[in-house]
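Chains, contacts and geometry: an overview
Residues per chain, in single letters:
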Amino acid sequence: MSIPSRRTLMSSQLDRRTLLLRGVQASGLVLAAPVLAACGGDNGKKSGGGADKGLGTVGLRFAWIKNVEFAGSYLADSKGYYKAEGFSSVNLITGGPTATPAETDVVTGKAFAGLTSPDRVGQAIQQGAPIKIVATQYQKNPFAIMSMAKTPINTPQDMYGKKIGVQVSNTSVWNAFVKAANLDVSKIKVVSVQFDPTPLTQGTVDGWFSFITNEPNELESQGFKVSTFLLADYGYPLVSETYMATTATISSKPAALKAFLMAELKGWKDNIADPKLGATLTVNTYGKGLGLAIPEQTLEAEAENKLILNADTTKNGLFTVTGALIEANLKTLAIGGLKLTSSQLFDLSLLAEIYQENPSLI
């Protein structure tokens, strides 16, 4: 049985970029009060230890369906970390191919915060959305080229003379990557494919555009041996699974936002310590009914933890982004036509405060 993946489950072929633009335009960029029951401003007090009570229900909009990609949030909920930080409960809002863009849900106030990526936040900002990235989970972009281990494609140049399966909705990322990697596209045969990677196993194509945490583990769980390389290692260093909030939330509800990030940090630290915990919660509780399996979801959790934890986050703390990585992201976005400054796209000040106040979290 094929394990439903982030891409395989996307029966709708709408590009998320298209969904974003439609959603933001349809919303008229009208900013409602974010989903937080205590809607007044806060005083910016230290968020740790549950000192600030009465924060009400907090809404977090996921970037996709409730698979293991959001295991840290499941652990934060199930272990009571949100309540410990002063929230009465958390509303974990699912995404998916038919959902409105996460950016729209945050802008319109359906969610207090959301998970997305820098390119989508940048596009929304250019459309007038008052949002910024306040933290990031993945230090490396999860997009990858997958091939069969018996005929591996180990570098971008290895794609020359090969047929690469690329989904229509990933064309914009592919185009940005080949530019960033200085590849001669005339030497690569791009084949339009869906999201089920079966054509790769049958030899119809030589390589497959994929998420490192999904399709490779899907095929491995079916007994296939695959090889991969990350786009992030060859000129496409965009961070991913970035937390976004409105500028109004950042300025008027700093203590609530810090409390939310504290709960998420604790949940993700637990998932890194034991990936099977999050995988089990995903399959048995939060993603029940999606046809997921604990062994495969554990593999995905282990893969995503490698994207979250590196030398920089070990030194500076989870969710942090170095200045050098921010500049690399801005440069990559500019290749795709999104010219933004660091201050337009990022505001990591509250995350910095969390670590200054709670150095033991590092």
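You'll find the structure just up there.
On a predicted model such as this, the values are computed, not experimentally measured, just so you know.

Things to note about the overall build of the protein chain
The helix and strand tally for the protein chain stands at 16 helices and 10 strands. Within the protein chain, buried positions represent 57% of all 362 residues. Partitioning the intrachain contacts of the protein chain with sequence separation of at least 6 by distance along the chain shows that 81% fall at a separation of at least 24. Counting only carbon and sulfur atoms, one obtains 54% of the accessible surface of the protein chain, whose full area is about 13600 Å².

Here we look at the pairing of strand S9 (residues 226–230)
The buried fraction of S9 is high, at 4 of 5 residues. Looking at chain direction, strand S5 (residues 143–148) and S9 are connected through 5 bridges and run antiparallel. Paired with Met146 across the bridge in S9 is Thr228.

So, the sheet that holds strand S2 (residues 89–93)
Backbone hydrogen bonds are what pair the strands of a sheet, in a parallel or an antiparallel way. The mixed open sheet is built from 5 strands, whose spatial order is S2-S1-S3-S10-S4. Each end of this open sheet is capped by a strand with a single partner; those strands are S2 and strand S4 (131–138). Averaged over neighbouring strand pairs, the angle between their axes works out to 25° when direction is ignored. In the sheet, strand S3 (residues 113–116) pairs with strand S10 (residues 240–246) via 3 bridges, with the strands oriented antiparallel. Paired with Thr116 across the two strands is Thr242, which belongs to S10. The sheet contacts of helix H5 (residues 118–126) involve S3, S4 and S10, and relative to S4 the element is tilted by about 175°.

Structural notes on the nonpolar core
Core analysis: the biggest nonpolar cluster contains 48 residues, and Tyr82, Tyr243 and Phe260 have the highest contact counts within it. For this core, the element with the most residues is helix H10 (residues 254–273), which contributes 9 residues. In this structure, Phe260 is in contact with Val58, Leu60, Tyr82, Phe87, Phe112, Ala113 and Tyr243, ignoring residues within four places of it in sequence. Core analysis: the next-biggest nonpolar cluster, separate from the first, contains 43 residues, Ala102, Val121, Trp174 and Leu333 among them.

Describing the pattern of salt bridges
One pass over the structure, following the stated rule, counts 6 salt bridges. Across the pair Arg61 and Asp105 runs a salt bridge whose closest N-O atoms are separated by 2.6 Å. Highlighted residues: Arg61 in strand S1 (residues 57–61) and Asp105 in helix H4 (residues 102–107), separated in sequence by 44 residues. A single burial state applies to Arg61 and to Asp105, both of which are buried. Residue Lys79 is joined to Asp270 by a salt bridge in which the shortest nitrogen-to-oxygen separation is 3.2 Å. A residue pair is termed long-range when its members are at least 10 positions apart, and Lys79 in the loop between helix H2 (71–78) and helix H3 (81–84) and Asp270 in helix H10 qualify at 191 residues. Beyond isolated ion pairs, a larger network of salt bridges with shared partners links Lys258, Glu353 and Glu357.

Quick notes on the packing of aromatic side chains
All told, the structure shown has 11 aromatic pairs when counted by the stated rule. Between Phe143 and Phe211 the ring centres are 5.1 Å apart and the planes differ by 90°, which places this aromatic pair in the edge-to-face class. Placement of the pair is Phe143 in strand S5 and Phe211 in strand S8 (residues 207–211), with a sequence separation of 68 residues. Each member of the pair, Phe143 as well as Phe211, carries the same accessibility label: buried. Look at Trp174 and Phe177: their rings are 6.4 Å apart centre to centre, the planes differ by 55°, and that puts the pair in the tilted class. Taken as a pair, Trp174 and Phe177 lie in helix H6 (residues 171–180) at a separation of 3 residues, close to a single helical turn. One exposure class covers both Trp174 and Phe177, and it is buried.

Quick word on the pairing of S1
Among the 5 residues of S1, 4 are classified as buried, and the element is accordingly described as predominantly covered. Pairing between S1 and S2: 5 bridges, direction parallel. From the neighbouring strand, Gly59 faces S2, where its bridge partner is Asn91. Bridging between S1 and S3 involves 2 bridges; their strand directions are parallel. Within S3, the residue paired with Leu60 across the bridge is Ala113.

Regarding the packing of H2 against helix H11 (residues 275–286)
Put simply, H2 and H11 touch, their axes get as near as 9 Å, and they point 80° apart. Judged by the inter-axis angle, H2 sits roughly perpendicular to H11. Across from Ala71, Tyr74, Leu75, Asp77 and Ser78 in H2, the residues of H11 making contact are Leu277, Gly278, Leu281, Thr282 and Tyr286. Looking at the contact of H2 with H11 residue by residue, the class counts come to 6 nonpolar, 3 polar and 1 charged.

What about the sheet that holds S9?
Spatially, 5 strands are ordered S7-S6-S8-S5-S9 in an open sheet, and the strand pairing comes out mixed. In this open sheet, the two strands that pair with only one neighbour each are strand S7 (189–193) and S9. Averaged over all neighbouring strand pairs, the angle between strand axes comes to 35°, with direction disregarded. When S5 meets S8, the two strands line up antiparallel, connected through 4 bridges. Within the sheet, the bridge partner assigned to Ile145 lies in S8 and is Phe209. In this fold H6 packs onto S5, strand S6 (163–167), S7, S8 and S9, with an angle of close to 130° to the strand it touches most, S6.

Scoring rules and cut-offs
Residues numbered from 1 in each chain as written. Predicted model: local features only at pLDDT ≥ 70, side-chain atom pairs only at ≥ 80, totals over all residues. Heavy atoms only, no water. Helix = DSSP H or I, 4+ residues; strand = E, 2+ residues; numbered from the N terminus. Buried < 20%, exposed > 50% of the residue type's maximum accessible area, 1.4 Å probe, protein only. Contact = heavy atoms within 4.5 Å. Areas by Shrake-Rupley, 256 points an atom, 1.4 Å probe, with all protein chains shown as cover. Pairing = 2+ DSSP bridges. Axes fitted to C-alpha atoms, helices over the stretch in contact; angles between N-to-C directions. Core = buried A, V, L, I, M, F, W, Y, C linked by side-chain atoms within 4.5 Å. Salt bridge = Lys/Arg side-chain N within 4 Å of Asp/Glu carboxyl O. Phe/Tyr/Trp six-rings, centres within 6.5 Å; stacked < 30°, edge-to-face > 60°. Parallel < 35°, antiparallel > 145°, perpendicular 65-115°, else oblique. Nonpolar A, V, L, I, M, F, W, Y, C, P; charged D, E, K, R; others polar.

Everything listed is a geometric property; what it means functionally is a separate question.
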